[in-house]
Amino acid sequence: MNFECKYLIYPVGKNCTVTIDPVFPVRVNAQDDYKIAIKPFSGLRVYGLRGKANAPKKQDMDLFRRKHDLKINGNSLTLNFTFPQEDRYIVRLYVNDIETDVFELYALQDDLFAKTPYMGDNHMHTWNSDGTDSPQYIAAAMSRRGYDYVVVTDHHKYEPSVEAKQFFEAAGADFLVIPGEEVHSPDNPVHIINLGGEKSITAWFSQNEAEYRSAVEAELRKMDVDMVDELKYAAAASQVIFDKIGEVNGISVLCHPAWIIANGFNMAEDITDYLMDHKRFDALELIAGGAFEEGTQMQVSYYHDLDTMPILGSSDTHSTNGNGRLEPGNFTIVFADKLDRESIKNAIKSGRTIAGNSNKLYGDYRFMKYGYFLMKYYYPKHHALRDKLGTWMLRYASCGLGLDSVQAKNIKEPRPSELFESIRYK
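Considering the overall build of the protein chain
(1) Moving on: Check the secondary structure of the protein chain and you find twelve helices and 22 strands.
(2) Moving on: Against the globule reference of 22 Å for 426 residues, the protein chain gives a C-alpha radius of gyration of 25 Å, in line with a compact fold.
(3) Moving on: With the principal axes as the frame, the protein chain shows a C-alpha extent of 85 × 60 × 35 Å.
(4) Moving on: Buried residues in the protein chain amount to 57% of all 426 residues.
(5) Moving on: Of all intrachain contacts in the protein chain linking residues separated by at least 6 positions in sequence, the fraction that spans at least 24 positions is 72%.

Here we look at the environment of histidine 125
(1) Moving on: Mapped onto the elements, histidine 125 comes out in the loop between β10 (116–121) and α2 (135–145).
(2) Moving on: Note: C-alpha distance between histidine 125 and valine 162 (37 residues apart in sequence) is 13 Å.
(3) Moving on: Setting aside residues up to four positions removed in sequence, histidine 125 forms contacts with Asp130, Gly131, Ile138, Thr153, Asp154, His155, Glu182, Asp316, Thr317 and His318.
(4) Moving on: Here the side chain of histidine 125 touches threonine 153 through a polar contact of 3.0 Å, landing on its backbone oxygen.
(5) Moving on: A polar contact of 3.0 Å, which involves the side chain of histidine 125, links it to the side chain of glutamate 182.

Focus on the side chain of arginine 88
(1) Moving on: Within the secondary structure, arginine 88 sits in strand β8 (residues 87–95).
(2) Moving on: Taking relative accessible area as the criterion, arginine 88 reaches 11% and is therefore assigned buried.
(3) Moving on: A polar contact of 2.4 Å, which involves the side chain of arginine 88, links it to the side chain of glutamate 104.
(4) Moving on: Each residue touching arginine 88, except ones within four places of it in the same chain, is listed here: Lys39, Pro40, Phe41, Glu104, Leu105, Tyr106, Tyr372, Phe373, Lys376 and Tyr377.

Remarks on unusual backbone geometry
(1) Moving on: Each neighbour pair has its own omega, and for phenylalanine 24 with proline 25 the value is 10°, a cis peptide bond.
(2) Moving on: By the element assignment, proline 25 lies in the loop between β3 (15–22) and β4 (34–40).
(3) Moving on: Positive phi, normally seen in glycine, also occurs at histidine 156, with a value near 65°.
(4) Moving on: Mapped onto the secondary structure, histidine 156 falls in the loop between β11 (149–151) and α3 (159–171).
(5) Moving on: A positive phi is found at asparagine 249, a non-glycine position, where the angle reads about 65°.

Here we look at helix α6 (residues 229–247)
(1) Moving on: An ideal rise of 1.5 Å per residue puts 27 Å on 19 residues; α6 measures up with 27 Å between its terminal C-alpha atoms.
(2) Moving on: In the stretch just after α6, asparagine 249 is the one whose phi turns positive, near 65°.

Describing the pattern of salt bridges
(1) Moving on: For the structure shown, the criterion picks out 27 salt bridges.
(2) Moving on: Residues arginine 88 and glutamate 104 are paired through a salt bridge, measuring 2.4 Å at the closest nitrogen-oxygen approach. Of this pair, arginine 88 sits in strand β8 while glutamate 104 sits in strand β9 (residues 98–108); the two residues are 16 residues apart in sequence, bridging distant segments of the chain. Grouping residues by exposure puts arginine 88 and glutamate 104 together as buried.
(3) Moving on: In this structure, aspartate 282 engages lysine 349 in a salt bridge whose closest nitrogen and oxygen atoms are separated by 4.0 Å. Residue aspartate 282 is found in the loop between α7 (269–277) and β18 (283–288), and its partner lysine 349 is found in helix α9 (residues 341–349); the two are separated by 67 residues along the sequence.
(4) Moving on: A relative accessible area of 13% means that aspartate 282 is categorised as buried.
(5) Moving on: A network of salt bridges, in which partner residues are shared, links Asp148, Asp174, Arg386, Arg415 and Glu418.

Considerations on the pairing of strand β20 (residues 331–336)
(1) Moving on: In terms of residue burial, β20 counts as a mostly covered element, since six of its six residues are buried.
(2) Moving on: Burial along β20 is two-sided: Phe331, Ile333 and Phe335 facing one way and Thr332, Val334 and Ala336 facing the other are all buried.
(3) Moving on: By the bridge criterion, five bridges tie β10 to β20 in an arrangement that is antiparallel. Paired with tyrosine 118 across the bridge in β20 is valine 334.
(4) Moving on: Sheet topology places β20 next to strand β21 (residues 353–356); four bridges connect them, and they run antiparallel. Across the sheet, the residue bridging to isoleucine 333 is isoleucine 354, located in β21.

Some thoughts on the sheet that holds strand β5 (residues 68–69)
(1) Moving on: The strand order across the open sheet built from five strands is β2-β9-β8-β4-β5, with neighbouring strands paired in mixed fashion. This sheet does not close on itself; its edge strands, each paired only once, are β2 (9–11) and β5.
(2) Moving on: As paired strands, β4 and β8 are joined by seven bridges and run antiparallel to one another. What sits directly across from isoleucine 36, in β8, is leucine 93.
(3) Moving on: Running over the sheet, helix α10 (residues 365–377) touches β2, β8 and β9 and is turned about 130° from β9.

What about the nonpolar core?
(1) Moving on: If you look at the biggest cluster of nonpolar residues, it comprises 72 residues, and the most contacted ones within it are Ile9, Ile20, Phe168 and Tyr370.
(2) Moving on: Counting residues per element, this core draws most heavily on helix α11 (residues 379–399), which supplies seven residues.
(3) Moving on: In this structure isoleucine 9 touches Tyr106, Leu108, Phe113, Tyr370, Phe373, Phe420, Ile423, Arg424 and Tyr425, once residues within four positions along its chain are discounted.
(4) Moving on: By size, the runner-up hydrophobic cluster in this structure holds 38 residues, among which are Phe242, Leu254, Phe281 and Tyr303.

What about the packing of α3 against α11?
(1) Moving on: Interhelical geometry of α3 versus α11 gives an angle of 115° and a closest axis separation of 12 Å. Both α3 and α11 take part in a crossing whose hand is right-handed. For the pair formed by α3 and α11, the contact residues are Phe167, Phe168 and Ala171 on the first element and Met393, Tyr396 and Ala397 on the second.
(2) Moving on: Residue composition of the contact of α3 with α11, grouped by class: six nonpolar, no polar and no charged.

Topic: the sheet that holds strand β15 (residues 251–254)
(1) Moving on: In spatial order, the strands read β13-β14-β15-β18-β19; together these five strands make up an open sheet with mixed pairing. Whereas interior strands pair on both sides, the edge strands pair on one side only; in this sheet they are β13 (180–183) and β19 (311–314). For this sheet, the mean inter-axis angle between neighbouring strands, taken without regard to orientation, is 30°.
(2) Moving on: Pairing geometry for β13 and strand β14 (residues 192–195), over four bridges, is antiparallel. In the strand pairing of β14, valine 183 is matched with isoleucine 192.
(3) Moving on: Sitting on the sheet, α9 touches β14, β15, β18 and β19, and the angle it makes with β15 is about 50°.

The rules behind each value
- Residues numbered from 1 in each chain as written.
- Predicted model: local features only at pLDDT ≥ 70, side-chain atom pairs only at ≥ 80, totals over all residues.
- Heavy atoms only, no water.
- Helix = DSSP H or I, 4+ residues; strand = E, 2+ residues; numbered from the N terminus.
- Rg over C-alpha atoms; globule rule 2.2 N^0.38 Å.
- Buried < 20%, exposed > 50% of the residue type's maximum accessible area, 1.4 Å probe, protein only.
- Contact = heavy atoms within 4.5 Å.
- Polar contact = N/O pair within 3.5 Å; in protein donor to acceptor, adjacent residues only side chain to side chain.
- Expected span 1.5 Å × (residues − 1).
- Salt bridge = Lys/Arg side-chain N within 4 Å of Asp/Glu carboxyl O.
- Pairing = 2+ DSSP bridges.
- Axes fitted to C-alpha atoms, helices over the stretch in contact; angles between N-to-C directions.
- Core = buried A, V, L, I, M, F, W, Y, C linked by side-chain atoms within 4.5 Å.
- Left-handed = near helix turned anticlockwise from the far one by under 90°.
- Nonpolar A, V, L, I, M, F, W, Y, C, P; charged D, E, K, R; others polar.

Take it as geometry only, folks, not as evidence of what the structure does.
The following block contains the structure:
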């Protein structure tokens, strides 16, 4: 590549300066003629975006039928351009009428342009339940995988997630650990994540079982449905847990409904159907390592028959195999205001997420389309920074000692979460 675009992400409907810089040792030659041709990836969507804000007009197609002269500014090339629709754009650079480089850019409506993509994992286990690593070690391994945040969710235990959160906060690492737990309430096979709650739900029903049983009975009296008794009880108990998670300012996540065990689905389908029809949880774990491929595809197919709802992708990992290197797994990309607990929770609850892995992305078409662009042009560089930071985090988590000056510098200096600002138009 001889040239590169300074910014990759632009706002729709605003006059922007597209800047193209040469890659060393190439320099801009004032004697050469520079032009670019720009094409919308989806074609001009006059019909498809009719009635929407900033909808393109048929005459906008003139922008894409011709080449545009670039202005030479020192050692840069510039063009004032207004992107007429939210889309991916193919940009071809011509030097003296010879095509030399091809770039891709993305233009976004204001709501999404203002958000930053953060990749994370919302479901994992440590040696405090049925995992093999400490909370600090598994979190550090997730940073090395390329994630900006994790939710530690041990079975029956909330405290390990707080331990990991405090550990990396004290180190000043550019990495977010959100407290959580996987909740298993009495006589209820449904697995539920308490994501970011301020208190443990397990502690509540363990210490107040009579209160829990009374709440479930009250819920049962409201359920005018015909179901097998134990399944009806599980559905009622789940609704109680969803509500309780909301009371502690958490996000309630319905986990892997199509997880297949020895006798079929762990969660009977009547429970799933009822919880979907009477939805009180905040997000659906659409893809998870624990469901495996057969269950995952069933979950995805089931989801496509539902009304749109917030979705998550999670690894449900239990081990790093002792080397701090996790195999590529499921993740969530969250489009949030900033990398903190409340912003991530708000984005999830608002449905600004896509679930995915290294092969596929799932979710809202608009977000998924943008997500594939990010996977190709943003995340490789982002993951390299995360891997660098994660390496130092693993050393810190392994030794368990105070930070020396070198460790402190290497943990505090890499700021992968700030990389996106360098590619978003200013």
